[in-house]
Amino acid sequence: MVCLASSCSRALAQSCRTYAEYTAKPAAMAIADLESVGVALHGPPKRVDWLVGSLPLMR
């Protein structure tokens, strides 16, 4: 399973007063407006190791 981590702008996050508002605003945004901040791989270790090879920072 591959997950893409995204982030909304700091100004948008700081303008929210509740967690529900914080999760609703980015969900309503266009994907192009979100900033990618990381990728996560989750699954059986053998498959993850096969995907990342010898990249030590990816383990």
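Residues numbered from 1 in each chain as written. Predicted model: local features only at pLDDT ≥ 70, side-chain atom pairs only at ≥ 80, totals over all residues. Heavy atoms only, no water.

1. Some details on the overall build of the protein chain
Selection criterion: Strands here are runs of E lasting at least two residues and helices are runs of H or I lasting at least four, both read from the DSSP assignment and numbered beginning at the N terminus. In this scheme, a residue with accessible area under 20% of its type's maximum is buried, one over 50% is exposed, and one in between is partly exposed, where area comes from a 1.4 Å probe on protein chains only. Note on contacts: a residue pair qualifies if any of its non-hydrogen atoms lie within 4.5 Å across the two residues.
Assigned secondary structure in the protein chain consists of three helices and two strands. In the protein chain, the succession of α and β elements from N to C terminus is β-α-α-β-α. For the protein chain, with 59 residues in total, the buried portion stands at 10%. Summarising the internal contacts of the protein chain: among those between residues at least 6 apart in sequence, 56% fall at separations of at least 24.

2. Re the pattern of salt bridges
When the charged atoms of two side chains lie near each other, side chains of opposite charge can form a pair. We apply this condition: Each salt bridge in this description consists of a side-chain nitrogen of Lys or Arg and a carboxyl oxygen of Asp or Glu lying within 4 Å of one another.
Enumeration over the complete set of coordinates arrives at one salt bridge. Two residues, Glu21 and Lys25, come together in a salt bridge whose shortest N-O distance is 3.3 Å. Linking Glu21 with Lys25, this pair stays in helix H2 (residues 19–28), spanning four residues, or about one helical turn. A relative accessible area of 29% places Lys25 in the partly exposed class.

3. Digging into the environment of Tyr22
Note that Tyr22 resides in helix H2. Sequence spacing of Tyr22 and Leu12 is ten residues, and the spatial spacing of their C-alpha atoms is 8.3 Å.

4. Topic: a nonpolar patch on the surface
Worth spelling out the cut-off: Here a patch means residues that are over 30% exposed by relative accessible area and free of salt bridges, tied together within 9 Å if like-charged and within 5 Å if nonpolar (Val, Leu, Ile, Met, Phe, Trp, Tyr). Each accessible area value is a Shrake-Rupley result obtained with a 1.4 Å probe; residue values ignore everything except the protein chains displayed when judging cover.
Where nonpolar side chains cluster on the molecular surface, the patch consists of Val39, Leu41, Trp50 and Leu51 and spans about 460 Å² of accessible area. Where the nonpolar patch is concerned, the elements lending two or more residues are strand E2 (35–41) and helix H3 (45–52). Within the secondary structure, Leu41 sits in strand E2.

5. Here's the deal with the packing of aromatic side chains
In plain terms, the rule: Here is the rule: rings of Phe, Tyr and Trp (six-membered ring for Trp) pair when centre to centre is within 6.5 Å. Planes less than 30 degrees apart are stacked, more than 60 are edge-to-face, and the remainder are tilted.
If you walk through the whole model with that rule in mind, you get one aromatic pair. With a centroid separation of 6.0 Å and an interplanar angle of 35 degrees, the aromatic rings of Tyr19 and Tyr22 are classed as tilted. Of the two residues, Tyr19 and Tyr22 both sit in helix H2, three residues apart, roughly one turn of that helix. When its relative accessible area of 63% is taken as the criterion, Tyr19 is described as exposed.

6. Re the confidence of the model for the protein chain
Which entries qualify depends on this criterion: The pLDDT value tells you how sure the predictor is about a given residue, anywhere from 0 up to 100.
Per-residue confidence for the protein chain averages 76 on the pLDDT scale, and 76% of its residues sit at or above 70. The secondary structure element of the protein chain with the lowest average pLDDT is strand E1 (residues 2–7), at 56, and the one with the highest is H2, at 85.

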